[in-house]
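One-letter residues, chain by chain:
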Amino acid sequence: MPFLDTILWPIKWVVELILVAWHWVWTNVVHLDPGAGLTWVLSIVGLVLVVRAALIPIFVRQIKSQRKMLEVAPQLKKIQDKYKGKKDQFSREAMSRETMELYRKTGTNPLASCLPLLLQMPIFFSLFSVLNNAQKGLAGVGPLNSELGKQFGDATLFGVAPLHDTFIGAWNSGGPWQVMVIAGSMVVLMTASQFYTQLQIMSKNQSPEAKASPMYKQQRMLLYVLPLVFVFSGVAFPLGVMFYWLTSNFWTMGQQYLVIRNMPTPGSEAAKAREERLARKGKLEPKKGAPEIESIPEVPKTTQRQQPVNKNRAKKQGDKK
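Residues numbered from 1 in each chain as written. Predicted model: local features only at pLDDT ≥ 70, side-chain atom pairs only at ≥ 80, totals over all residues. Heavy atoms only, no water.

Caption draft 1: A look at the packing of helix α8 (residues 177–204) against helix α11 (residues 239–262). Closest axis-to-axis distance for the α8/α11 pair is 9 Å, and the angle between their directions is 25°. The angle between α8 and α11 places the two elements in the roughly parallel class. Judged by the twist between their axes, the crossing of α8 over α11 is left-handed. Grouping the constituent residues of the contact of α8 with α11 by class yields 17 nonpolar, seven polar and one charged. (Axes fitted to C-alpha atoms, helices over the stretch in contact; angles between N-to-C directions. Helix = DSSP H or I, 4+ residues; strand = E, 2+ residues; numbered from the N terminus. Parallel < 35°, antiparallel > 145°, perpendicular 65-115°, else oblique. Left-handed = near helix turned anticlockwise from the far one by under 90°. Nonpolar A, V, L, I, M, F, W, Y, C, P; charged D, E, K, R; others polar.)

Laid out in structure tokens, this is it:
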């Protein structure tokens, strides 16, 4: 796909620069074998760490967008309930108009939470392309020259497991069995890390309103479907690419853990757990509510019976006042 390659060319150049830079560090600073599989695996890990760290601002923006959507969710539900069951053209247009007006007044964009994910896609495609071509011994578009590409393509783990080999390839050719063991282990770890990450989000970082929505049920189904993608597609990935996916999954798992612990969704179980931790440490700020009204002291009741006053006496007291 020449058009796609043209679009991804600058991103692939940067990716190759980072990969070669890490390879230089492990070779010249740590003095590892430049052709060893371990050296290239550590270079892939370093590449993933740099790329994911650069995407942190985009991830933070995504969280803020999701928080805004949660804030307007009750108002959005009122609009949906207002036009519930009305399927005529006028009602649909009115509902759409009121929804857009709500987004405009609150400064909320429903697509903003998806935008960071869309921006990451070209980077991930570039990473996959660079690693896949390098493992075939091909030169890249930038610093990854033909010599380094061949070095990467010939690199093996433990001297018997080529980084360009796949589980299916080793299975069909009858070996080496080390490739199947390494690839199978990584598929299990990739699936488990993906499932655990999504489970934490669904069970601990969802508000009661979100759990009651139909979308939550769909996400719950995807919780069990998406990890299966790694089971069926992972066996066809080269070992080098699988190291990238596994490192990226571990980064995501740790990142989500920190977010759920320190920036949980308001009203979720994680938010309640955070408040309990802060309360035990005495760091929980009191919630602002209505100001306390100073109590008025009650007048002490007397047990003495009030004496009756005749009309003339009461009239004289009134004239004096």
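On we go from here.
Caption draft 2: How the structure looks around a positive patch on the surface. On the surface, a cluster of positive charge is made up of Arg-261, Arg-280, Lys-281 and Lys-283. Residue position: Lys-281 is located in helix α12 (residues 269–281). The class of Lys-281 is exposed, set by a relative accessible area of 57%. (Patch = residues over 30% accessible without salt bridge, like charges linked within 9 Å, V, L, I, M, F, W, Y side chains within 5 Å. Areas by Shrake-Rupley, 256 points an atom, 1.4 Å probe, with all protein chains shown as cover. Salt bridge = Lys/Arg side-chain N within 4 Å of Asp/Glu carboxyl O. Lys, Arg positive; Asp, Glu negative; His and termini not counted. Charge placed at Lys NZ, Arg CZ, Asp CG, Glu CD. Buried < 20%, exposed > 50% of the residue type's maximum accessible area, 1.4 Å probe, protein only.)

Caption draft 3: Up close: the packing of helix α2 (residues 37–54) against α11. It is at 9 Å that the axes of α2 and α11 come closest, and there the two elements cross at 40°. One way to sum up the angle between α2 and α11 is to call them oblique. In the crossing of α2 with α11, the sense of the turn from one axis to the other is right-handed. Across the interface between the two elements, Val-41, Ile-44, Val-45, Val-48, Leu-49, Arg-52 and Ala-53 from α2 touch Gly-240, Phe-243, Tyr-244, Thr-247, Ser-248, Trp-251, Thr-252 and Gln-255 from α11. Of the residues assigned to the contact of α2 with α11, the class counts are nine nonpolar, five polar and one charged. (Contact = heavy atoms within 4.5 Å.)

Caption draft 4: Representation of the nonpolar core within the structure. With 40 residues, the main nonpolar core has Leu-19, Trp-40, Leu-127, Phe-152, Leu-163 and Leu-239 as its most contacted residues. For this core, the secondary structure elements donating two or more residues are α1 (2–29), α2, α5 (115–135), α6 (146–154), α8 and α11. Among the elements that make up this core, the one with the highest residue count is α8 (seven residues). Of all hydrophobic cores here, the second largest spans six residues; its members include Tyr-83, Ala-94, Leu-102 and Tyr-103. (Core = buried A, V, L, I, M, F, W, Y, C linked by side-chain atoms within 4.5 Å.)

Caption draft 5: Region of interest: the packing of aromatic side chains. Following the criterion strictly, the structure yields five aromatic pairs and no others. Ring plane angle 5° and centroid distance 4.5 Å describe the contact between Trp-40 and Phe-152, whose orientation is recorded as stacked. Residue Trp-40 is located in helix α2, and its partner Phe-152 is located in helix α6; the two are separated by 112 residues in the primary sequence. Taken individually, Trp-40 and Phe-152 each receive the classification buried, so the pair is uniform in this respect. An angle of 55° between the planes, with centres 5.1 Å apart, marks the rings of Tyr-244 and Trp-245 as tilted. By relative accessible area, Trp-245 is classed as partly exposed at 24%. Linked through ring pairs, Phe-237, Tyr-244 and Trp-245 together constitute an aromatic cluster. (Phe/Tyr/Trp six-rings, centres within 6.5 Å; stacked < 30°, edge-to-face > 60°.)

Caption draft 6: How the structure looks around α12. Taking 1.5 Å of rise per residue, the 13 residues of α12 would be expected to cover 18 Å, and the 19 Å separating its terminal C-alpha atoms lies within 8% of that figure. Listed as buried for α12 are Ala-270, Ala-271 and Arg-277. Around the axis of α12, the buried residues are gathered within 120° of arc, so they sit on the same side. Facing away from the buried side of α12 by more than 90 degrees, the exposed set consists of Lys-272 and Arg-280. (Expected span 1.5 Å × (residues − 1). Arc of directions from axis to C-beta.)

Caption draft 7: Broad picture of α2. Compared with an ideal rise of 1.5 Å per residue, which puts 18 residues at 26 Å, α2 spans 26 Å between its outermost C-alpha atoms and is within 8% of the ideal. Along α2, the residues classified as buried are Gly-37, Thr-39, Trp-40, Val-41, Ser-43, Ile-44, Gly-46, Leu-47, Val-48, Val-51 and Arg-52.

Interpretation note: all reported values are geometric properties and have no functional meaning in isolation.
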